[in-house]
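# Structure assessment
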Amino acid sequence: MSEPPPTSPDPDELLREARGMSIDGLLALLEQLDGAQESAVVRGALAAGVPAAVVIEELQREVERRLMRSRRFYDEREW
């Protein structure tokens, strides 16, 4: 009897790492995900007075996008 095909990971599970993090935590994670340049832009936006709520929403989205891309790239089942 053959094994069933592996299930794709739950997207919510992949993104759990980034949910509920502070701005500093998200910036550190973004830098780990090869986003040093984007991290500098976020810091500049904060320094320029862009509201933190707007910044964290966009930052969260970018980190989640990068997490999904990196996990999908390294998951050979998705190839």
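In case you missed it, the structure is sitting above this.
Treat the numbers as computed from the prediction; the structure is a model and nothing was measured. (Residues numbered from 1 in each chain as written. Predicted model: local features only at pLDDT ≥ 70, side-chain atom pairs only at ≥ 80, totals over all residues. Heavy atoms only, no water.)

## Details of the overall build of the protein
Within the protein, the secondary structure is distributed over four helices and zero strands. The secondary structure elements of the protein, listed N-terminal to C-terminal, are α-α-α-α. By residue count, 29% of the 79 residues in the protein fall in the buried class. Across the protein, the fraction of contacts at a sequence separation of at least 24, relative to all contacts at a separation of at least 6, is 67%. Summed over all atoms, the accessible surface of the protein reaches about 5800 Å², with 56% contributed by carbon and sulfur. (Helix = DSSP H or I, 4+ residues; strand = E, 2+ residues; numbered from the N terminus. Buried < 20%, exposed > 50% of the residue type's maximum accessible area, 1.4 Å probe, protein only. Contact = heavy atoms within 4.5 Å. Areas by Shrake-Rupley, 256 points an atom, 1.4 Å probe, with all protein chains shown as cover.)

## Some details on unusual backbone geometry
One non-glycine residue, D34, adopts positive backbone phi at about 65°. Considering the arrangement of structural elements, one finds D34 in the loop between α2 (23-32) and α3 (36-47).

## A few points about the packing of α2 against α3
One way to put it is that α2 packs onto α3 with a least axis distance of 8 Å and a crossing angle of 155°. Looking at the two axes, α2 sits roughly antiparallel to α3. Judged by the sense of rotation from one axis to the other, the crossing of α2 with α3 is left-handed. Contacts between α2 and α3 involve I23, L27, L30 and E31 from the first element and A36, E38, S39, V42, R43 and L46 from the second. Residues belonging to the contact of α2 with α3 are distributed by class as follows: six nonpolar, one polar and three charged. (Axes fitted to C-alpha atoms, helices over the stretch in contact; angles between N-to-C directions. Parallel < 35°, antiparallel > 145°, perpendicular 65-115°, else oblique. Left-handed = near helix turned anticlockwise from the far one by under 90°. Nonpolar A, V, L, I, M, F, W, Y, C, P; charged D, E, K, R; others polar.)

## Some thoughts on the pattern of salt bridges
Enumeration over the complete set of coordinates arrives at six salt bridges. A salt bridge links E31 to R43, with the nearest nitrogen and oxygen atoms 2.9 Å apart. On the criterion of sequence distance, the pair formed by E31 in helix α2 and R43 in helix α3 is long-range, its members being twelve residues apart. Residue classification places E31 among the partly exposed residues on the basis of a relative accessible area of 37%. Where R66 meets E38, a salt bridge forms, and the shortest distance between an N and an O atom there is 2.8 Å. One end of the pair, R66, is in helix α4 (residues 52-74); the other, E38, is in helix α3, and 28 residues separate them in sequence. With relative accessibility at 7%, the residue R66 sits in the buried group. Because the salt bridges share partners, they merge into one network encompassing E38, E62, R65 and R66. (Salt bridge = Lys/Arg side-chain N within 4 Å of Asp/Glu carboxyl O.)

Read these as spatial facts, not as claims about activity.
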